[in-house]
Amino acid sequence: MAGVATEYVRQLIAKQVEDHRLVVWYDPEGAYGEVAGEIAIPNTKIVRYEGSFFRLRREIEPLLNGPQPPRLVVYVPMAQGETHDALVELEAAGVVMQPGQQPPNRNTRLAIVGRNALRPILGDETAGAIEKQAEAGKLTLAELNALGNKGGEISTGVLALVFGSGNPQDVALGFLNSDRFDDAVRQKSAAGQLATLLENSFDVELASDAPLAGSREKLARHVLLTDLVQRLGSSVPGALESVSVAATASGIDACGRLAETWRQLRDYREGYVAAASKVEQEFSIDRIEFDPAAIAGAETFLAGERVLIRHVERQLLQAADEKLLELAQSRLSAFWAGANPVIQAHWALVATAAEVLLEADRVAGALKQPPTTMAALVEAYAGGTWPWCLLDTHHRQMESRWHNFDPSEGHAGLEKLMVKARQRYGEVGSQLARHFVGVYQKAGHPIERVLRQRDVFEKRVKPKLGEGKAAYVWVDALRFEMARQLCEVLRDDFDLTIQPALATVPTITEIGMASLLPKAAGGRVVEAGGGKLALSIEGSLIKDRKDRVAFLKQHAGARVFDARLDDLLPKASKKVRDGVKDAQLVLITSQEIDELCEKDNIAQARRQMDGVLVDLRRAVRVLSNELGIGTIILAADHGHLFGEEISDDMKIEAPGGETADLHRRVWVGVGGTSEPSYLRTSLASLGVESELDIATPWTFACFKSKGGARAYFHGGMSPQELIVPVVVMMSAARPAGPPAQIFWTLTPGTAKLTTRFFSVQIAGTQAESSLFGFEAPKVRIEIRANKKCVSVPVSASYGFEDATGEVKLRLAERDPKRIDPNTVTVMLAEDVPQKTVGVYLVDAATGAELARLDAIEVAISI
């Protein structure tokens, strides 16, 4: 039952949902019974009482388990007093709307609704008469809607011909958004009627003989300033107290509804942004001091969003707080984050910095009384729902976002926040490392109840060789936390387990990779010459990949085929497919992380490191889906530290003496000195067969050495370097229904690519012919130039996976055949020489192209 009265009551309820989330709507006269179930409010569930409060409570009970009230409207066609307090808990958690309820914006008396809805169309006198008739019970909601439609046609007939509607909201929206109706208004001499309609509806003074462009600017200024002032409530700053805004309740309400609709309509977004920017400049909105608590409820101007960002940054500099994190995360789906990709990326970075600070506080608190055994320490770092390694995950994501953000002038608060988060990470990380190294040194070796890297082949790989084809994936420098995050995105495809193992010290590639071989438990760390170490296993000196592969083929007890990660992407080559056919064990090696980070291009490494996780995800899918390998065991040689560029005060003198090998994080040799700044002990005391000694800093400090990376290190005994992942994946035969046909819609944030950031809204609808329900897929947005992806994902309104940059879409709450729209921001990662690029929506699971936008003009150069 569409109509102005129905729309008015919908807006009333929607405003209460926005402010309070939960609304109990009593309708003792049943005036709204026919429309209560049809009213649509974004992301809100509407539940109707159907004769049983027990049934009603059962229906809504699952919605009430969250930390805050759900976005829920409970419609009850009876008087509040007749319920015997059956819904008192809901009333306490939200608000009540009913006839006569105060304040006035919760009053749903039909007569009042009719008067306020019809006044802009029929004027005060006629609307007042209709109010009396409705109060006397002579008019229904349907009749009020009909009067509105008829009155609109009578009073705005010419305008309806021009704008396609006589509804003041529709007319104003069309007029505000562009000048495309101006010629028709002039041709039909309707400027006077237009001015009168807008004046009556929005409480604005417009001269009938004024140029239409001037009237448009004045109306936009009036609507936007009214919207801002109304949303600020009692917190209007002095600089705005004298501005001209709507004075009547109906005018204020109409302006607020118009501004909100203007923001929500995707096709009108550019018009809104342009108008808001102009008004913002005219009134120097960006120079006004706003109350941050009040501006959080106003999305009128970009300046207000920036005020809120600066406020959250300042508060986080004082102390991290869960509420600040929740606020930052909530703004990712707010209007300005969708309209301005830089704002979305900024909020995402602030949120991640908040996560670093909160996690650092949590780990620091736990270290006041830390576990005193290695098994308990490893479990605290790597096990459970909230392991300490989350601190490393959040820090890695923060650094990646920072280098993708490319901050420019005007981000002083963000830079200070980054400095604090980095310092806090270093402080807590060093504190954890000192305790961990101390406990490891004193522990009896081998350590009980913790898997050793040297036992991975015998305990995790060998038992699988009799069960069918298996793949053994060696990933150089894959930290435990990275593998943990990778597992989260693979759980839909595999039945998997992830287990921490203690790497063999020193945690360098030559020793760690060899420790993944058969018979590695009896290996000895020896000098290999040229300042290098090697692992000697049963008389074989294992120095490099060639040696490792040869030893594995000789001692695996199964036919082995070896390949590199690149050989599987984007799909397995014929050579790989043929090799896998004859093999029982497929060895895949990856050195991407070490190669990427040791080139010492810190910014490039930060931007691309998560891409390794994407490649690993694709590779294991190729192994499973294309090559038919039922079991995949993934392991790493060592972890790493990747923080700020090492400063002089973090560099310490190495022991000297007869040096067998020296890295920033480890010295191995004989003789030399001992200092309090590092642990010096024999490798044998740490359970490693060797005649050599080892030295490693207690904290995140490094030895002075020639060459080497400036921020990426490994070799030491911090948990980030020493605890490595062992992942066992089994192909999951999950039942799948027929694939759903989805009609995708991609809407670019701007018509041209004018900055390094670019946003795209993803929407989709299931084909009407589909008989089955469907699950929203996981997708990825890519900008491609000459078929090459030149972008990196940055953030999304919801569902963004930091590990891979993929986005988990969801179904609309009220329409299970529609994808809930999601605005995704990507960043150009390299120069684009051509004039146009394409934007591609890709299925994350299969890599299939789902939709694309061709010929997006490039109007920048990096």
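Residues numbered from 1 in each chain as written. Predicted model: local features only at pLDDT ≥ 70, side-chain atom pairs only at ≥ 80, totals over all residues. Heavy atoms only, no water.

Student: Is there a simple way to explain the overall build of the chain in this structure?
Tutor: Helix and strand content of the chain: 28 helices and 33 strands. For the chain, with 862 residues in total, the buried portion stands at 56%. Taking all contacts inside the chain whose residues are at least 6 apart in sequence as the whole, residues at least 24 apart take part in 73%. Element-wise, carbon and sulfur atoms account for 48% of the exposed surface of the chain, whose accessible area totals about 36,500 Å². (Helix = DSSP H or I, 4+ residues; strand = E, 2+ residues; numbered from the N terminus. Buried < 20%, exposed > 50% of the residue type's maximum accessible area, 1.4 Å probe, protein only. Contact = heavy atoms within 4.5 Å. Areas by Shrake-Rupley, 256 points an atom, 1.4 Å probe, with all protein chains shown as cover.)

Student: What is the right way to look at the packing of helix α7 (residues 168-177) against helix α11 (residues 249-264) in this model?
Tutor: Two measures define how a pair of helices packs: the angle their axes make with one another and the distance between the axes. Between α7 and α11, the shortest axis-to-axis distance is 10 Å and the interhelical angle comes to 55 degrees. As the angle between them shows, α7 and α11 are arranged oblique. In this structure, the crossing between α7 and α11 has a hand that is right-handed. Residue-level inspection shows Gln-169, Ala-172, Leu-173, Leu-176 and Asn-177 of α7 in contact with α11, the latter providing Ala-254, Arg-257, Leu-258, Thr-261 and Trp-262. Of the residues belonging to the contact of α7 with α11, the class tally is six nonpolar, three polar and one charged. (Axes fitted to C-alpha atoms, helices over the stretch in contact; angles between N-to-C directions. Parallel < 35°, antiparallel > 145°, perpendicular 65-115°, else oblique. Left-handed = near helix turned anticlockwise from the far one by under 90°. Nonpolar A, V, L, I, M, F, W, Y, C, P; charged D, E, K, R; others polar.)

Student: Explain the sheet that holds strand β13 (residues 631-636) to me, please; I cannot follow it from the model alone.
Tutor: Here seven strands make up an open sheet; going across it, the order is β5-β7-β22-β13-β6-β12-β11 and the pairing mixed. The open sheet terminates on both sides in strands that have one partner only, identified here as β5 (451-452) and β11 (560-564). Summarising the sheet, β11 and strand β12 (residues 585-590) pair through five bridges and their orientation is parallel. Each bridged residue has a counterpart across the sheet, and for Val-560 the counterpart in β12 is Leu-585. On the sheet, helix α22 (residues 480-490) packs against β7 (494-502), β13 and β22 (723-731) and is oriented at approximately 170 degrees with respect to β7. (Pairing = 2+ DSSP bridges.)

Student: Any chance you could explain the environment of Val-726 here in plain terms?
Tutor: You can see Val-726 is positioned in strand β22. Among all residues touching Val-726, those that are not within four sequence positions of it are Leu-451, Val-456, Arg-460, Thr-497, Ile-498, Gln-499, Ala-501, Ile-633 and Leu-634.

Student: How do you make sense of the pattern of salt bridges when you look at a structure like this?
Tutor: Close approach of charged atoms lets side chains of opposite charge pair. In the structure shown here, the tally under the stated rule is 53 salt bridges. For Glu-691, the salt bridge is made with Arg-524, and the minimal N-O distance between the two is 3.9 Å. Pair noted here: Glu-691 is in the loop between β18 (678-682) and β19 (693-697) and Arg-524 is in strand β8 (residues 524-529), with a separation of 167 residues, a long-range link. Take Glu-691: its relative accessible area is 69%, and that puts it in the exposed class. You can call Arg-524 partly exposed: its relative accessible area is 31%. Through salt bridges with shared partners, a single network forms among Asp-227, Arg-231, Glu-260 and Arg-263. (Salt bridge = Lys/Arg side-chain N within 4 Å of Asp/Glu carboxyl O.)

Student: Is there a simple way to think about the environment of Gln-604 in this case?
Tutor: Turning to its location among the elements, Gln-604 is positioned in helix α27 (residues 602-626). C-alpha separation for the pair Gln-604 and His-403, spaced 201 residues apart in sequence, amounts to 8.1 Å.

Student: Got a minute to help me understand the packing of aromatic side chains in this structure?
Tutor: Each aromatic ring pair is described using two quantities: the centre-to-centre distance and the angle formed by the ring planes. Evaluation of the coordinates by the stated rule reveals 14 aromatic pairs. Ring centres 6.0 Å apart and planes at 45 degrees place the aromatic pair Tyr-425 and Phe-700 in the tilted group. Here Tyr-425, found in helix α20 (residues 412-442), pairs with Phe-700, found in the loop between β19 and β20 (702-703); they are 275 residues apart in sequence, far enough to count as distant. Overall, the relative accessible area of 12% leaves Phe-700 in the buried class. Measuring from centroid to centroid gives 6.1 Å for Phe-457 and Tyr-472, while their planes differ by 50 degrees, and the two rings are tilted. Here the residue Phe-457 occupies a position in helix α21 (residues 456-461), and Tyr-472 occupies one in strand β6 (residues 470-475), the gap between them amounting to 15 residues. Across this residue pair, the class does not change: Phe-457 and Tyr-472 are buried. Through a chain of ring-to-ring contacts, the aromatic side chains of Trp-262, Tyr-272, Phe-335 and Trp-336 assemble into a single cluster. Here the guanidinium or amino end of Arg-216 rests over the ring plane of Phe-175, the centre of that ring lying 4.8 Å away. A cation over an aromatic ring shows up here: Arg-810 above the ring of Tyr-798, its NZ or CZ 3.8 Å from the ring centre. (Phe/Tyr/Trp six-rings, centres within 6.5 Å; stacked < 30°, edge-to-face > 60°. Lys NZ or Arg CZ within 6 Å of the ring centre and 35° of its normal.)

Student: Help me out: how do you make sense of the side chain of Thr-507 in this one?
Tutor: In this fold, Thr-507 is placed in the loop between β7 and α23 (509-514). Within the structure, Thr-507 has its side chain in polar contact with the backbone oxygen of Gly-716 (distance 2.8 Å). If we ignore the near neighbours within four places in the chain, the residues touching Thr-507 are His-638, His-714, Gly-715, Gly-716, Glu-721 and Leu-722. (Polar contact = N/O pair within 3.5 Å; in protein donor to acceptor, adjacent residues only side chain to side chain.)

Student: Where do I start with the pairing of β7 in this structure?
Tutor: In summary, the side chains of a regular strand alternate between the two faces of the sheet. Where β5 and β7 come together, two bridges link them in parallel fashion. The residue bridging Leu-451 from the neighbouring strand is Ala-501, located in β7. Relative to β22, β7 runs antiparallel, the two sharing nine bridges. Paired with Pro-500 across the bridge in β22 is Pro-725.

Student: Help me understand the nonpolar core, please; the structure alone is not making it clear to me.
Tutor: One broad trend across soluble globular proteins is that nonpolar side chains are buried collectively. Judged by nonpolar contacts, the single largest core of 210 residues is most densely connected at Met-374, Tyr-472, Leu-478, Leu-502 and Leu-585. With 15 residues, helix α17 (residues 341-366) is the single largest residue contributor to this core. Discounting residues that sit within four places of it in the chain, Leu-585 has contacts with Phe-457, Val-461, Leu-465, Ala-470, Ala-471, Tyr-472, Leu-552, Ala-556, Arg-559, Val-560 and Phe-561. Membership of the second largest hydrophobic core comes to 32 residues, among which are Leu-746, Phe-758, Ile-781 and Leu-809. (Core = buried A, V, L, I, M, F, W, Y, C linked by side-chain atoms within 4.5 Å.)

Student: What am I meant to see in the side chain of Glu-131 here?
Tutor: Inspection of the secondary structure assignment puts Glu-131 in helix α4 (residues 110-135). Classification of Glu-131 as buried rests on a relative accessible area of 19%.

Student: What exactly am I supposed to notice about the sheet that holds strand β16 (residues 658-663) here?
Tutor: Strand pairs in the sheet, formed through backbone hydrogen bonds, run parallel or antiparallel to each other. If you trace the four strands from one edge of the open sheet to the other, you get β16-β17-β19-β18, paired in antiparallel fashion. In this open sheet, the two strands that pair with only one neighbour each are β16 and β18. The average angle at which neighbouring strand axes cross in this sheet is 15 degrees, direction not considered. Note: strand β17 (residues 666-670) against β19, three bridges, orientation antiparallel. Paired with Trp-667 across the two strands is Ala-695, which belongs to β19.

Student: How do you make sense of unusual backbone geometry when you look at a structure like this?
Tutor: For residues that are not glycine, phi is negative in most cases, and the peptide bond is trans in most cases. Cis geometry is adopted by the peptide bond preceding Pro-506, which originates at Val-505 and carries an omega value of 0 degrees. That bond from Leu-569 to Pro-570 is cis: its omega, 0 degrees, falls within 30 degrees of zero. Looking at where Pro-570 falls in the secondary structure, it is placed in the loop between β11 and α25 (574-581). In this structure, Asp-85 is a non-glycine residue whose phi angle is positive, near 60 degrees. Within the secondary structure layout, Asp-85 lies in the loop between β3 (72-76) and α3 (88-93).

Student: Before we go on, may I ask you to explain a negative patch on the surface in this structure?
Tutor: A surface patch of negative charge is lined by Asp-566, Asp-567, Glu-595 and Glu-598. Counting through the fold element by element, Glu-598 comes out in helix α26 (residues 592-598). Overall, Glu-598 belongs to the partly exposed group, its relative accessible area being 45%. (Patch = residues over 30% accessible without salt bridge, like charges linked within 9 Å, V, L, I, M, F, W, Y side chains within 5 Å. Lys, Arg positive; Asp, Glu negative; His and termini not counted. Charge placed at Lys NZ, Arg CZ, Asp CG, Glu CD.)

Student: Is there a simple way to think about the state of the cysteines in this case?
Tutor: Where two cysteines share a covalent bond between their sulfur atoms, that bond is called a disulfide. If you walk through the whole model with that rule in mind, you get zero disulfides. Lacking any disulfide linkage, Cys-487 is separated from the closest cysteine sulfur, that of Cys-389, by 11 Å. Overall, the relative accessible area of 2% leaves Cys-487 in the buried class. Of all cysteine sulfurs in the structure, the one in Cys-702 sits closest to Cys-597, which takes part in no disulfide; the separation is 14 Å. Of the residues examined, Cys-597 reaches a relative accessible area of 3% and is grouped as buried. (Disulfide = S-S within 2.5 Å.)

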